[in-house]
Amino acid sequence: ASYQERLLTLMIQAVQCLNRRSERSDNMKSYQRRMLREEKQLSKRIVKLEKFLISQTPIQFSFVPEIDLNLMKLQLSAMKEYHAYLKQRINRWNK
């Protein structure tokens, strides 16, 4: 096949792929949209809490009781575990 024919075939395949993605998002159920929103929010919160915990020095923690620091670390761990399960459920939609 000529270069132009191959290029046309690739363009058609790309459009078909985009159409399938569009159909998938149009057919997405409301609980799936909510789950995607929740996953994005949770990702942002994980990053914020990680940045807070990593960027602080012991002197800066002087205003935060040690028990609260430990609870924040446990909370971060639980958030990451929950995020992993949420991602697994979302990834199953494509199978």
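Heads up: the structure comes first, above all this text.
Read on for a plain summary of the structure. (Residues numbered from 1 in each chain as written. Predicted model: local features only at pLDDT ≥ 70, side-chain atom pairs only at ≥ 80, totals over all residues. Heavy atoms only, no water.)

### Some thoughts on the overall build of the protein
This is how the line gets drawn: Here a helix means four or more residues in a row that DSSP labels H or I, a strand means two or more in a row labelled E, and each is numbered from the N terminus. Under the scheme applied here, a residue whose accessible area is under 20% of the maximum for its type counts as buried, over 50% as exposed, and between as partly exposed, the area being computed with a 1.4 Å probe on protein chains only. Note on definitions: a residue-residue contact is assigned when non-hydrogen atoms from the two residues lie within 4.5 Å. With residues, only the protein chains shown are counted as cover, and all accessible areas are computed by Shrake-Rupley using a 1.4 Å probe.
Helices and strands together make up the secondary structure of the protein, namely 3 helices and 0 strands. Counted from the first residue to the last, the protein has its helices and strands arranged as α-α-α. Counting the 95 residues in the protein, one finds 18% classified as buried. Long-range pairs, those at least 24 residues apart, make up 73% of the contacts in the protein with a sequence separation of at least 6. Element-wise, carbon and sulfur atoms account for 56% of the exposed surface of the protein, whose accessible area totals about 8100 Å².

### Examining the pattern of salt bridges
Rule in force here: Any carboxyl oxygen of Asp or Glu that lies within 4 Å of a side-chain nitrogen of Lys or Arg is treated as forming a salt bridge with it.
Applying the stated rule across the entire model yields 1 salt bridge. For Lys80, the salt bridge identified is with Glu50, shortest N-O distance 2.5 Å. Of the two residues, Lys80 sits in helix 3 (residues 66-92) while Glu50 sits in helix 2 (residues 30-55), which places them 30 residues apart along the sequence. For Lys80, a relative accessible area of 40% gives the class partly exposed.

### Some remarks on helix 2
Rules: Each residue after the first adds 1.5 Å to the expected span of a helix.
Along its 26 residues, helix 2 runs 38 Å from first to last C-alpha, staying within 8% of the 38 Å computed at 1.5 Å per residue. Burial in helix 2 covers these residues: Gln32, Met35, Glu39, Leu42, Ile46, Leu49 and Leu53. On its buried side, helix 2 packs onto helix 3.

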